[in-house]
Structure formats: structure tokens, C-alpha cells
Amino acid sequence: MLDKEWIPEGVERCSFGKFIVWLGLIGAVLLWGLYATIKIFANGIGVTGLDNYFGFGLWITFDLAVIALGAGAFFSGFLKYIIRVDQLKNIINLAVIVGFICYSGAMLILTLDIGQPLRAWFGYWHPNVHSMLTEVIFCITCYCTVLIIEYIPLILENRKLNKIRFLHHLAHNFHVYMPLFAGIGTFLSTFHQGSLGGMYGVLFGRPFAFREGFFIWPWTFFLFVFSAIASGPAFTMLVATLMEVITGRKLVDYKTKALMGKIAGTLLGAYLFFKILDTWFWATDTLPRMGLTFDQMFNDVYGQWLLWAELGLCGIIPAILLIVPKFRNIPALLYIGAILDCIGVCINRFVFTVQTIALPVMPFDKWYSYTPNWAEWATTFEIIAYGALVLSLSYRYLPVFPQEKKLNS
Amino acid sequence: MQVKEFKVKWGMVVDLDKCTGCGACMVACQAENNIAPVTEGSNKLRTLTWMLVYELSNGKDFPEHDIAYLPRPCMQCGKPSCSTVCPVVATTKDEEGGIVSQIYPRCIGCRYCMAACPYHARYFNWFDPVWPEGMDKTLNISTSVRPRGVVEKCTFCHHRFAAAKEKARMEGRDPMHLEEEDYIPACVEVCPTGAIVFGDLNNPEHKVAKLAKSRYAFRLLERLGTDPQVYYMSKREWVRRQGDNYLENEKTKGE
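Report follows, based on the coordinates. (Residues numbered from 1 in each chain as written. Chains lettered and ligands numbered in written order. Predicted model: local features only at pLDDT ≥ 70, side-chain atom pairs only at ≥ 80, totals over all residues. Heavy atoms only, no water.)

## A closer look at the packing of helix α5 (residues 92-113) of chain A against helix α10 (residues 219-247) of chain A
When two helices pack together, their arrangement is given by the angle between the helix axes and the distance between those axes. Residues and elements named next belong to chain A. For the pair α5 and α10, the least separation of the axes is 10 Å and the interaxial angle reads 105°. Put simply, α5 runs roughly perpendicular to α10. On α10, the residues that touch L94, A95, V98 and C102 of α5 are F235, T236, V239, A240 and M243. (Axes fitted to C-alpha atoms, helices over the stretch in contact; angles between N-to-C directions. Helix = DSSP H or I, 4+ residues; strand = E, 2+ residues; numbered from the N terminus. Parallel < 35°, antiparallel > 145°, perpendicular 65-115°, else oblique. Contact = heavy atoms within 4.5 Å.)

## Points about the interface of chain B and chain A
By a frequent convention, interface size equals the accessible area lost on bringing the separate parts together. In this complex, chain B contributes 52 residues to the contact, which on the side of chain A involves 50 residues. Carbon and sulfur atoms make up 60% of the surface buried where chain B meets chain A, a total of about 4,300 Å² over both sides. As a salt-bridge pair, B:R111 and A:D113 come within 2.6 Å of each other at their nearest N and O atoms. Taken together, the connections running from chain B to chain A amount to 32 residue pairs in polar contact (both at pLDDT 80 or more). Its residues assigned to classes, the side of chain B that touches chain A shows 33 nonpolar, 12 polar and seven charged. (Buried area = accessible area lost by both parts, 1.4 Å probe. Salt bridge = Lys/Arg side-chain N within 4 Å of Asp/Glu carboxyl O. Polar contact = N/O pair within 3.5 Å; in protein donor to acceptor, adjacent residues only side chain to side chain. Nonpolar A, V, L, I, M, F, W, Y, C, P; charged D, E, K, R; others polar.)

## Notes on the packing of aromatic side chains
For the coordinates displayed, the defined rule picks out 45 aromatic pairs over all chains. Look at A:W217 and A:F221: their rings are 5.2 Å apart centre to centre, the planes differ by 40°, and that puts the pair in the tilted class. For A:W217, a relative accessible area of 19% gives the class buried. Here the aromatic rings of A:F273 and A:F274 are separated by 5.2 Å at their centres, their planes lie at 75°, and the arrangement is edge-to-face. Overall, A:F273 belongs to the exposed group, its relative accessible area being 53%. On the basis of relative accessible area, A:F274 is assigned to the partly exposed category, the value being 41%. Aromatic ring contacts, followed pair by pair, group A:F56, A:Y200, A:F208, A:F224, A:W282, A:F294, A:F298, A:W308, A:F352 and B:Y112 into a single cluster. Residue placement shows A:R13 over the ring face of A:Y395; its charged tip is 3.7 Å from the ring centre. Its guanidinium or amino end placed over the ring of B:Y246, B:R223 lies 5.4 Å from that ring's centre, counting from NZ or CZ. (Phe/Tyr/Trp six-rings, centres within 6.5 Å; stacked < 30°, edge-to-face > 60°. Buried < 20%, exposed > 50% of the residue type's maximum accessible area, 1.4 Å probe, protein only. Lys NZ or Arg CZ within 6 Å of the ring centre and 35° of its normal.)

## What about empty space enclosed by the protein?
Residues and elements named next belong to chain A. What the rule picks out here adds up to seven cavities of 30 Å³ or more. The space that makes up the largest cavity amounts to roughly 120 Å³. Contributing elements (two or more residues each) for the lining of the largest cavity: α11 (254-289), α12 (304-323) and α14 (331-358). Residues of the lining of the largest cavity, tallied by class, amount to seven nonpolar, two polar and three charged. What lines the second largest cavity is a set of 14 residues, among which L268, Y271, D341, G344 and V345 lie closest to the centre. Contributions of two or more residues to the lining of the second largest cavity are made by α10, α11, α12 and α14. Partitioned by chemical class, the residues of the lining of the second largest cavity number seven nonpolar, five polar and two charged. (1 Å grid on protein atoms, 1.4 Å probe; cavity = no way out; pocket = protein on both sides within 12 Å on 5 of 7 lines; lining within 4 Å. Points joined across faces, edges and corners; volume = space filled by probe spheres on them.)

## Some points on α11(A)
Residue and element names in this part refer to chain A. With 36 residues, α11 extends 50 Å from end C-alpha to end C-alpha; this agrees with the ideal 52 Å at 1.5 Å per step. Of all the bends in α11, the largest measures some 40° and sits at W282. Remark: G291 follows α11 within two positions and exhibits a positive phi of approximately 80°. (Expected span 1.5 Å × (residues − 1). Bend = angle between axes of the 7 residues up to and from the residue.)

## Concerning the pairing of strand β8 (residues 196-200) of chain B
All names here are of chain B. The buried fraction of β8 amounts to five of the five residues, a majority that puts the element mostly inside the structure. Looking at chain direction, strand β1 (residues 10-15) and β8 are connected through five bridges and run antiparallel. Paired with G11 across the strands is G199, a residue of β8. (Pairing = 2+ DSSP bridges.)

## Looking at unusual backbone geometry
Residue and element names in this part refer to chain B. Here the residue pair F62 and P63 is connected by a cis peptide bond, since its omega of 10° sits within 30 degrees of zero. Checked against the element boundaries, P63 lands in the loop between β2 (52-57) and β3 (67-72). In this model, N34 sits at a positive phi of 50°, which is unusual for a non-glycine residue. The topology assignment puts N34 in the loop between α1 (24-32) and β2. The exposure class of N34 is buried, given its relative accessible area of 4%. Phi is positive for D227, close to 55°, though the residue is something other than glycine. Relative to the helices and strands, D227 resides in the loop between β9 (217-218) and β10 (230-233).

## Things to note about the sheet that holds β8(B)
By definition, the strands of a sheet pair up through backbone hydrogen bonds, in either a parallel or an antiparallel sense. Read from one edge of the open sheet, four strands run β8-β1-β10-β9 (chain B), paired in mixed fashion. Looking along the sheet, the strands with just one partner apiece sit at the ends: β8 and β9 of chain B.

## So, the pattern of salt bridges
Residue and element names in this part refer to chain A. For the structure shown, the criterion picks out 28 salt bridges over all chains. Here E12 makes a salt bridge to R249, at a shortest N to O gap of 4.0 Å. Placement of E12 in the loop between α1 (2-6) and α2 (16-43) and of R249 in the loop between α10 and α11 is noted, with a sequence separation of 237 residues between them. We classify E12 as exposed; its relative accessible area is 58%.

## Some points on the layout of surface pockets
All names here are of chain A. What the largest pocket holds in volume is close to 1,400 Å³. If you trace the largest pocket, you find 46 residues lining it, with L242, I384, G387, A388 and L391 closest to the centre. Only α2, α3 (58-69), α5, α10, α14 and α15 (374-397) provide two or more residues apiece to the lining of the largest pocket. No other element matches α15, which puts 12 residues into the lining of the largest pocket.

## What to know about helix α4 (residues 71-82) of chain A
Residues and elements named next belong to chain A. Taking 1.5 Å per residue as the helical rise, α4 with its 12 residues ought to reach 16 Å, and the 16 Å between its terminal C-alpha atoms agrees with that figure. Most of α4 sits out of view: 10 of its 12 residues are buried. Inspection of α4 places A71, G72, A73, F74, F75, S76, G77, L79, K80 and Y81 among the buried residues, and these make up the whole buried set. Where α4 is buried, its residues meet α3, α5, α7 (132-156), α9 (178-201), α10 and α11.

This is the structure in C-alpha cells:
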């Protein structure tokens, strides 16, 4: 069988027929998303649930969330290649793939999200140096390029491709220079993760998001970087675990998973310290200066439960589960901690995107609420399906997990 | 970011005690600026209304019940929350009169400016503009028609400003020193009660400059620091109180 020749040596994969059925399921979701994409490109984003109050909605929440969750790529790369945490070699390939999916997926959503997709390049041609979004545009595209560069050697290591002498040497040379790209990636990713937070923190007309700052950066700049690196490694580890469940094979040893959990948990703890301080200062100083109270920031739909869920249930609890070795070494608790950690960062991105603009700032204005419609959901699931497709093909045909052979022998 | 100050600062003073909420300013703005009627007009969150009249209430029952109407154009902020966030410099604080401009062919439709503006003064073109048959003949030739996917907003009828400067040049007058009646936005011209006054806030000869200094004058959300060029005035304390988010123990301006 032709398919078998492309599968990495010494590993087992499901039958080609089974794989085709799996791809068919992914394809069905992709087709649904493609239909919505065509409708949106043909008729404009009026077909979505967005409106003049909620110019930002599910798409931007999704973008911010996946970019945070994709931070496992740059942070694991930083720890592996710069700090030399050698154990991460067991999961670094997956981290790169997940990062690539998250970043390219976010960029695909953005092409849908802007009203004039054909003008997307204006961000480079007419950049506003004062806008945090300009920095995001530059860094996100540069970093996505870095991720492609990091992904290429893995593709070239495919059993068939690697037999070609030129590609074999090319892959080797890519590996030699990988610490350089890991460094560039860390720099770029740190800045755009920060700028995504800065984007909201500078909204001085929006009391829910506005934050004081250090030099030109509001606190949210640093909080977004911290929360991303506190959840990215956990997400990468969860993806590995999910793949193990789906494939029925051991892919990464528990020690590496626990290490990823420890990294995420430690950073989550540090993040929470600053986030709680930030929330306290915002509630007791920033808001009163704007003539507002903490209670006014919430209503029946966007209630305080979101804040407590973010900081408590999906903040302090996972931090404890991931930091304390006794808990971390119990698989169920490690996974629960990681899941809560990832949900927490999604809630954070959601409230900064939606609650920020749902809050009525003018005293005579009122709260509005936002519900995404089918077109937004379909395209969001389209990106998730795209991620599943890239991951499935990579797992089947590329040597993603260096421990797979040993763990399943 | 510092507040941007220019030699000429066009501004508006709206007397809320005179405004009857008739909506003439909204209609005039719509016609003057070629604002396309939307197909589904019942969705107020998708309509385009550069000038929007809000209804304010004192929240009391009859006979103490009282209402006021507040027309809200773009505030043309001295420190605009919108222009600093725009990634492509599609919007910026204009040196000529301090009007916040909007360059439609430059806008990429990211809507970050809408997220930044606390006044909801910016509107997105959700669909291609379609005018009912024959109505396209009434379009104003001085104003561009915006395509789908860009953000638009009130420009204080900037085309009228351009025309007034042109006229002044033709007559050998200084275009940077216009008289009050040389340049008047459509909403001001049409207001039946004379509630809206327009002029150069920096020119002491203009009526707005005096009215803006009234003890009853206030600006929306002043403490946010956007420094709007639109002033409101009312002798009613509860109306002034709704201009900004006053805490319970705080005194209102004008008291």
C-alpha cells in the first residue's frame, strides 16, 4: 500500500480506510465552515451576529484564546532551545504543530473578520505606529512565518521525503539553526501576546478594559503574556493526551506531561498574583476615578461569576493542582488542572472582548448582550476542523513523537 | 497621548432644554451624507445613524417625571480614543478644525475604533449600500458613498467646511478665519428650535465659544479625558448629571 510507505518506520497506525472515515468526519465540518465562509465573503459580515455594539465577538475571542493556547510553541521552544530543558524534546514537535495550527487558524479567522479582506495588507503599508494592533499584525505574521520554518524540518523528516538527499540535508540544517528561530519566535510572540493585551488596556473609553500602565504598556500587556505562557504548555499537554485517547497509543511519557503541567502551574501562580493585584487596583482606584463602581461592571448576563470562575475555579484551583507534586502526579488531577487552566484563559479573553463593549459607559445607555450566530460558529468550527486535519496528517505521516516507539513496544 | 490642539477648533453646543427630540437633525444628516437606508431597519444595532438622538429620563414617576433629548454626533475628541488604535491611520485628528477624519478607502474594517469609542459614534457598513429605486437621484454629490465593510461616522459635514473655505478663497478672505454662518453642518441648519449652535470654539467672536463656557455647559464622559468638541448645556441638574458617571456623593457641574 502506498499509504504505508509514508508512515514513519516502526510505528503502528490505523487502517487507511479507518483514517479516511476520520478525515470524512473532519471534512464534513470543514464543508459546513466553507459554506459559511463563502456566504461571508460574498455578502459581507452582515451575515454574522455582530452589530454596531459588538464589533468584536466570537471570532476575536477565539483568536485571542487560540493564540494564548498556542503559546506552548514559543514558550516550550524557549525552554528547550534557550534554557536547555532537554526533557521537552519529547513534546516540542507537537508544541510547534499546535502553535502553527493556532496561529495560522487565527489568521484565517481574521481574514473573515475584517470588513475589507482585500485590504488586509494595509496594516503593513499604512502602519499606525501608535496602534497596538499594528504591532500585533506585524508580529503575528512574522511569528507565523517562524512557526512555518520550525514546522518544515518535521515535514522533511517524513520517511519518504527524507530519502531524498537534498531534503535530508535541508532538514538537518534547519535543525542546526532552530535555536535561532526559537529565539526570534520568543521575541516576536512575547511582544504580540503582550500587544493583544495592550490592545484592550489602552481603551481609555472602556472602563472594563482600561488599565494603568508601565511606560507605554498598560498592565494588560504583561498579564496577557503571563496568562498565555501559563496556559499554552498545559494546552499542548492536553492535546497530546487527547491524541493518546483517540489513537489508543502512548505518545508522551507522564514525566514530560507532568513537567509541562508544572511549568504551566508555576506561571499560572505568578500570573494570578499580578492579576489579583491588578483587579484590586482596578476596582478600588481606576473605576472610582471614572465615576464607576465594581458592581456596575457586571449585569445578569455578564455577571461577577465570570470573574470568580476565571480567578478562582479556573485560576487558583488549577494553580494548586499543577504546582503541588502530590496532585500533579495523579493523572486525573493533572488533566483537570490543565483543562481548568485553559478554560480560565478563554474566559479572560472572552470578558476582555465582549464584556468590555457590552458595558454601557454613558449613564443613559444600557447593557446589550451578544450571541454568535451560525455563520460565526461554522467558521470557528471550520478552523478547529482545519487544526484536526493538520494534526491528523502530521501524526500519521510524520515522526512527531520521539518516544512513541519505546512507549508502545 | 496629549490632547491635540489646533488654531481653529470647530465645535458644537447643544442646548438640551431646547431640543424637542424631533429627529430633524437625524434625517438631515442622513440625507446630507448619503447614509444608505438599511434593509432591515428594525435592527437598531445595525442601522447607520451618524447623528443619534437619545432619550434621557429622570426616572421619576408622574408628576415629577421629566425627559430630555440628547442628540449625539461624533464628539470630535481632542484626545480621540478611536484614532490611536486604528492600525492603518484610516482615522486621525484633522489639523483643519480638529475634526476627526475617516478615510474610507483606507479603512480595513477591523472595527477596533468602534470598540474604543465610548459614545458609539462609529458605524459599520454591514451590507452594500442599496437605495430604493429613484432615491439614488437624490444623492449628495459632495459626499462619497461608502462601500460595505468600512467604518463611518459624523464628520461635522466636512464637505461643507471644504466648500466654505473654497468660497472664502474665491472672495479673497482668509479660509482659516471663517465667519459663523460660512460653515454650518446640516443638523445645525435644520434644527427647528435652534438647539444646536456651531462654530469655532477658539474664536471668541463665535457664539459657541461663549456658550461652551456657560456654567450649565458640560461634555459627555468628561472624566475619561477624551476632551470632546461637542458641548451640551442644560439648566436641569439631573440632565447634567447624566452627562458623566457621577458617584452618589459627587456634586454635578454647574451646581
